[in-house]
Amino acid sequence: MQRLILAALLIALFTLPFTFASSVTIATLIFAKALAVLGIFVLLQAGQVSFGHGMFFAAGAYAAAYFGVVWRAPDLLVLTVAVIAISGVSGLIIGLFVSRYRLIFFSMLNLAFSMVLFALLEKLFHYTGGTDGMRIRRPSLMGYTFSRSDFDMAMFYYALILMVLCTGLVWLYLRSPLGQALKAVKVNETRLEYIGLSANHTLLVAYVFSAVLAGLGGLAFGLVQGLATPDLTFWTRSGEFVFIAVLGGIGSVFGVFAGTAVYEIVRFYAAALLDDSWQLILGITLIAVILTVPSGLIGLPARLRAAFGGARTNGKDKA
Amino acid sequence: MTTTLALIALLDGISYASLLFLVAVGLTLIFGVLGVLNVAHGSLYAIGAYMAATLGGWLTAQGYNPWLTFPALMAAAILTGVVVGGLMERFLLRQIYEKDPTLQLLITFAVFMVLENVQRMVWGVQPYFMSEPLRALGNIELLGIRYTAYQIVFLPVMAILTMVGLRYFLRHTLAGAKIVAVTEDREAATSIGIDARKVYFVTFVIGACLAAMGGALATPTTSVLPGMGANMIVLSFAVAATAGLGNIEGALLAALLIGVARSFAVYIMPETEVLMPYLIMVLILLWRPMGLFGAVQARKI
Amino acid sequence: MTAPLLSARGIQIRFGGVIAADGIDLDIFDRENLAIIGPNGAGKTTFLNITTGYLKPQGGSVTLNGREILGTPPRRITRMGVARAFQIPQLFTEHTVLENMLLSAAVRERIWNPLRPLSRIRQRAEMLDLLDLVGCADIADRLASELPEGQRKLVDIAIALAQRPKLLLMDEPTSGVATADKFGIMEILIKALREAQVASVFVEHDMEMVSRYASRVAVWSQGKIQMTGTPDVVMKDPDVIRTVIGG
């Protein structure tokens, strides 16, 4: 049953350009953001919240801009590999430091690093274009250069494939011993140490993985926007990722996509109306979700079933 | 770098550190007692600043004596701390003390999002200025350098008064003793009849007032802008973490260290100004993972 | 006499004013079952914490097979063949009992292939056997957080055994286990340890357990070792009777 739903969802997503052509761009942005949210989701398994993953998101976009300048029209696949390397290495360097910490320190140190990057991107305008940011050139793909409309379509499939692949990878990773050990970090680090595994190293692996996911998300996001700006690493951006991950629920990797899609669609239609109070609404929703349904969107059906389960059985009995 | 420039940088640093200390000590006090890191602390700082600018601006516009802006700064800080901080503790934090620390962190982060937005809705994005207190106190000369008395006398004095007052309050008053008792052993304190809820409330309001006071006192020296709250929360965390979270005396030293290092960076390598506080924090934490005065606590197994 | 497996010399540690180890000298030999007895606060658990690298003493040395291990973190010492079960069971409470075991086995074998689910590692059968050994086969699929205290203790020991240690340290292994099951379980455990040629150290308050299952006893008193010897000798010692058994 679950496989059937998954297959149907995949078919629906891959045929989206033919069914809802107008939604291609917003769908691409959803996939890109979902990648970054996946990164937060991975860390949430260890009970850790990063308020600073916007820094890797920005790193992905700025890397695309930078390589566009250096290599003229870089190949999309080469660019992808380059971004994986850059976000992975920066994730490793920052991770070596932050993976020694948990909870408050972990969250706040990530926030601090992202704020530093934000300030640097704004300040070093000779290299980064300051607040205006850097233009990102359209890449080519194996010798093929895209026209404007081709490129939108190509980006749609690029981001979709990336997201599907990464979702699958995260799913596999979390089932593997290392992923299960990550969940153990949240629960009992002492026992983990006493079966011969370092909790810090386990978290570090997850951190590097999450940095790469956010980097790839930033790459896709930047390519679609054609622009890399400092606000990609502003705290509101990182907060948004955390918001979506919590909203989607930490129980299932599929909640990430569901959460991102719901979030972006609501924002897309509500933006004009609520732009001034968007952050306010997010904050209030987040508080409400945490206080009432801590398991998030994916956990909502189960909660409802539990709450109304009794009533439903009674109804059946009468029938 | 000439000695004059070095002296200016030092004075700058001290005045900046005084403000930093006020905010950070509130953050660290709340953490020490409640065990909650209030991410919205930066918003209290910003709202305190906006309130001070609004109140002071109104007084000035009405043609009142500029000296009245001093009580206005205090009033703005206390009003913000008691109202915003009080409401926050009473209606939100109280529900989450027993919850998972991750959720506590998320809730205060959510409050931060809300307050940043509310602040923008109320005060817009235009910068506010209110330099009356600065001008009222005039300049003083120190080793041949003219400097505003507000920054080099008033702010440090306020910081030291706060430090001394806080120490006296915690060590020599009944309310303070109750706070210390709850911090050390909540269960034991409750069993001898201390109302832990009340202690949490009072502590949080005091911490909130300190943040707002930092904001209010900063108003005469800087323009009040959106985003100042976000910057301050990470900065004050850097100070508190460098000192060791929960350590009040250490926060003063850490604030001085970071404040002075930052202002020297401004004069020597302006590009590194934003980096400096975090560089210091990272270096200290690499050396002592729980901060200068923090102790690693082993879990009992 | 053969060289000791683990050897502690002159261990000193104090917490504030309390001296928890004041010159502890102790050798642990291959295949023996050493019981540690003594009043609460004598420093028994502290000794286990030091020998497994959880605490660093202010003085002394601990060697494992002749190699100094002070300053080595618990995970390395675990990998060198010293496993530990705790007084308060340390379980992965959000995992099932079997998953707890599989994770222990996967770490032991360093199975880091991200494409292989934990539930399908080759050691699954071995882990089920181990659970069977401690009488927990029927709760393999229960969440560890749902278990009663007694079963938690057994699972905690099984997780340690899953490391295939040369030396197993147990802190009050059967406290919290129903009295009716206590001896049966210890019987099985000691037999299994003997078969696998694993040495064990267990902190114990129940003197009947000690006299039945220990091959040697060390008596702790105020951070010192009061005496060591075979159970029948130690338990007849008037001092021991006064300070430990009688009190």
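Conventions we followed
- Residues numbered from 1 in each chain as written.
- Chains lettered and ligands numbered in written order.
- Predicted model: local features only at pLDDT ≥ 70, side-chain atom pairs only at ≥ 80, totals over all residues.
- Heavy atoms only, no water.
- Salt bridge = Lys/Arg side-chain N within 4 Å of Asp/Glu carboxyl O.
- Helix = DSSP H or I, 4+ residues; strand = E, 2+ residues; numbered from the N terminus.
- Buried < 20%, exposed > 50% of the residue type's maximum accessible area, 1.4 Å probe, protein only.
- Axes fitted to C-alpha atoms, helices over the stretch in contact; angles between N-to-C directions.
- Parallel < 35°, antiparallel > 145°, perpendicular 65-115°, else oblique.
- Left-handed = near helix turned anticlockwise from the far one by under 90°.
- Contact = heavy atoms within 4.5 Å.
- Nonpolar A, V, L, I, M, F, W, Y, C, P; charged D, E, K, R; others polar.
- Buried area = accessible area lost by both parts, 1.4 Å probe.
- Patch = residues over 30% accessible without salt bridge, like charges linked within 9 Å, V, L, I, M, F, W, Y side chains within 5 Å.
- Areas by Shrake-Rupley, 256 points an atom, 1.4 Å probe, with all protein chains shown as cover.
- Lys, Arg positive; Asp, Glu negative; His and termini not counted.
- Charge placed at Lys NZ, Arg CZ, Asp CG, Glu CD.
- Pairing = 2+ DSSP bridges.
- Polar contact = N/O pair within 3.5 Å; in protein donor to acceptor, adjacent residues only side chain to side chain.
- Core = buried A, V, L, I, M, F, W, Y, C linked by side-chain atoms within 4.5 Å.
- Arc of directions from axis to C-beta.

A.B. asks: Any chance you could explain the pattern of salt bridges here in plain terms?
C.D. replies: Side chains that differ in sign of charge can pair as their charged atoms come close. The full count for this structure, using the stated rule, is 26 salt bridges over all chains. The shortest N-O distance in the salt bridge between lysine 33 of chain A and glutamate 264 of chain A comes to 2.6 Å. You can see lysine 33 of chain A sitting in helix α3 (residues 24–45) and its partner glutamate 264 of chain A sitting in helix α13 (residues 254–274), a full 231 residues away along the chain. Its salt-bridge partner being arginine 9 of chain C, residue aspartate 27 of chain C comes within 3.0 Å of it at the nearest N-O pair. Taken together, the positions of aspartate 27 of chain C in strand β2 (residues 18–28) and arginine 9 of chain C in strand β1 (residues 6–15) put the pair 18 residues apart, joining distant regions of the chain. Accessibility expressed as a relative area gives 19% for aspartate 27 of chain C, which makes it buried. Among the charged side chains, a salt-bridge network with shared partners connects Lys33, Asp231, Arg237, Glu240, Glu264 and Arg267 of chain A.

A.B. asks: It is not clear to me how the packing of helix α4 (residues 54–71) of chain A against helix α5 (residues 76–98) of chain A should be interpreted in this structure. Could you clarify?
C.D. replies: Each pair of packed helices can be summarised by the angle the axes make with each other and by the distance between the axes. All names here are of chain A. The geometry of α4 relative to α5 is characterised by a closest axis approach of 9 Å and an angle of 135° between their N-to-C directions. In terms of orientation, α4 lies oblique with respect to α5. Relative to α5, the crossing made by α4 is right-handed. Contacts between α4 and α5 pair Met55, Phe56, Gly60, Ala63, Ala64, Phe67 and Trp71 from the former with Val78, Leu79, Ala82, Val83, Ile86, Ser87, Ser90, Gly91 and Ile94 from the latter. Of the residues contributing to the contact of α4 with α5, the split by class is 12 nonpolar, 4 polar and no charged.

A.B. asks: I tried to follow the interface of chain B and chain A on my own but got confused; where do I start?
C.D. replies: Size of an interface, as often reported, equals the accessible area lost when the parts are brought together. Tallying the contact residues gives 45 residues for chain B and 41 residues for chain A. Overall, the association of chain B and chain A removes approximately 3,800 Å² of surface from exposure, summing both partners, and the carbon and sulfur fraction of that is 83%. Among the residues chain B hides against chain A, the three largest losses belong to Leu106, Phe109 and Met113 of chain B. Together they make up 17% of the total. Summed over the shared surface of chain B and chain A, the result is 1 salt bridge.

A.B. asks: I tried to follow a positive patch on the surface on my own but got confused; where do I start?
C.D. replies: Among the surface-exposed residues, Arg72, Arg135, Arg137 and Arg138 of chain A lie close enough to one another that they form a single positively charged patch. Its place among the elements puts arginine 135 of chain A in strand β1 (residues 134–135).

A.B. asks: I tried to follow the sheet that holds strand β9 (residues 216–221) of chain C on my own but got confused; where do I start?
C.D. replies: Paired through their backbone hydrogen bonds, the strands of a sheet run either parallel or antiparallel. Residue and element names in this part refer to chain C. Spatially, the 6 strands line up as an open sheet ordered β6-β7-β8-β3-β9-β10, and their pairing is mixed. Sheet topology places β6 (82–85) and β10 (224–229) at the edges, where each strand pairs with a single neighbour. Going from strand to strand, the sheet's axes swing by 15° on average, the running direction of each strand aside. Where strand β7 (residues 167–171) meets strand β8 (residues 199–203), 5 bridges bridge the pair, whose relative direction is parallel. By the bridge assignment, aspartate 171 is partnered in β8 with valine 203.

A.B. asks: Mind showing me how you'd approach the interface of chain C and chain A here?
C.D. replies: Across the contact, 34 residues belong to chain C and 23 residues belong to chain A. For the pair chain C and chain A, the summed buried surface comes to about 2,500 Å²; carbon and sulfur atoms form 63% of the total. Among the residues of chain C in contact with chain A, Arg75, Phe92 and Trp112 of chain C are the three that bury the most area, contributing 24% of the side total. Counting across the interface, chain C meets chain A through 3 salt bridges. In this structure, aspartate 156 of chain C and arginine 191 of chain A form a salt bridge, with 2.5 Å as the shortest nitrogen-oxygen distance. Connecting chain C to chain A are 12 residue pairs in polar contact (both at pLDDT 80 or more). Looking at the side of chain C that touches chain A, the elements with two or more residues in it are α2 (74–79), β6, α3 (97–108) and α5 (149–161) of chain C.

A.B. asks: What exactly am I supposed to notice about the environment of serine 145 of chain C here?
C.D. replies: Residue and element names in this part refer to chain C. Secondary-structure assignment places serine 145 in the loop between α4 (124–133) and α5. Serine 145 gets classed as partly exposed once you look at its relative accessible area, which sits at 38%. It is 4.5 Å that separates the C-alpha atoms of serine 145 and threonine 93, two residues lying 52 residues apart in sequence. When neighbours within four sequence positions are excluded, serine 145 is seen to be in contact with Thr93 and Arg152.

A.B. asks: Where do I start with the packing of α4 of chain A against helix α6 (residues 103–123) of chain A in this structure?
C.D. replies: Residues and elements named next belong to chain A. Across the interface, α4 lies against α6 with an axial gap of 9 Å and an inter-helix angle of 35°. Residues Met55, Ala58 and Tyr62 of α4 touch α6, and the partners they reach there are Asn110, Phe113, Ser114, Leu117 and Leu121. The residue inventory of the contact of α4 with α6, partitioned by class, reads 6 nonpolar, 2 polar and no charged.

A.B. asks: Explanation requested: the nonpolar core in the structure shown.
C.D. replies: Soluble globular proteins: nonpolar side chains tend toward being buried together. In this structure, Phe31 of chain A together with Leu217 and Phe237 of chain B are the most contacted members of the largest nonpolar core, which totals 268 residues. If one sorts the elements of this core by residue count, α3 of chain A sits on top with 17 residues. The contacts of phenylalanine 237 of chain B, once residues within four sequence positions are left out, are Ile104, Phe105, Met108 and Leu109 of chain A together with Leu27, Leu37, Leu245 and Met281 of chain B. Judged by nonpolar contacts, the second largest core, of 30 residues, contains Leu5, Leu6, Leu34 and Phe47 of chain C.

A.B. asks: Hey, could you run me through helix α7 (residues 174–184) of chain B in this one?
C.D. replies: Residues separated by three or four positions in an α-helix point in the same direction, a consequence of the helix having 3.6 residues per turn. All names here are of chain B. Taken as a whole, α7 has its buried residues at Gly176, Ile179 and Val182. Across the axial projection of α7, the buried residues extend over an arc of 125°, all falling on one side. Residues of α7 that are exposed and point over 90 degrees away from its buried face: Leu174 and Glu184. Residues of α7 that are buried sit in contact with α1 (3–34), α6 (149–172), α8 (186–191) and α9 (196–218). The backbone nitrogen of glycine 176 has a side-chain oxygen 3.1 Å away, supplied by the residue at the start of α7, namely threonine 173.

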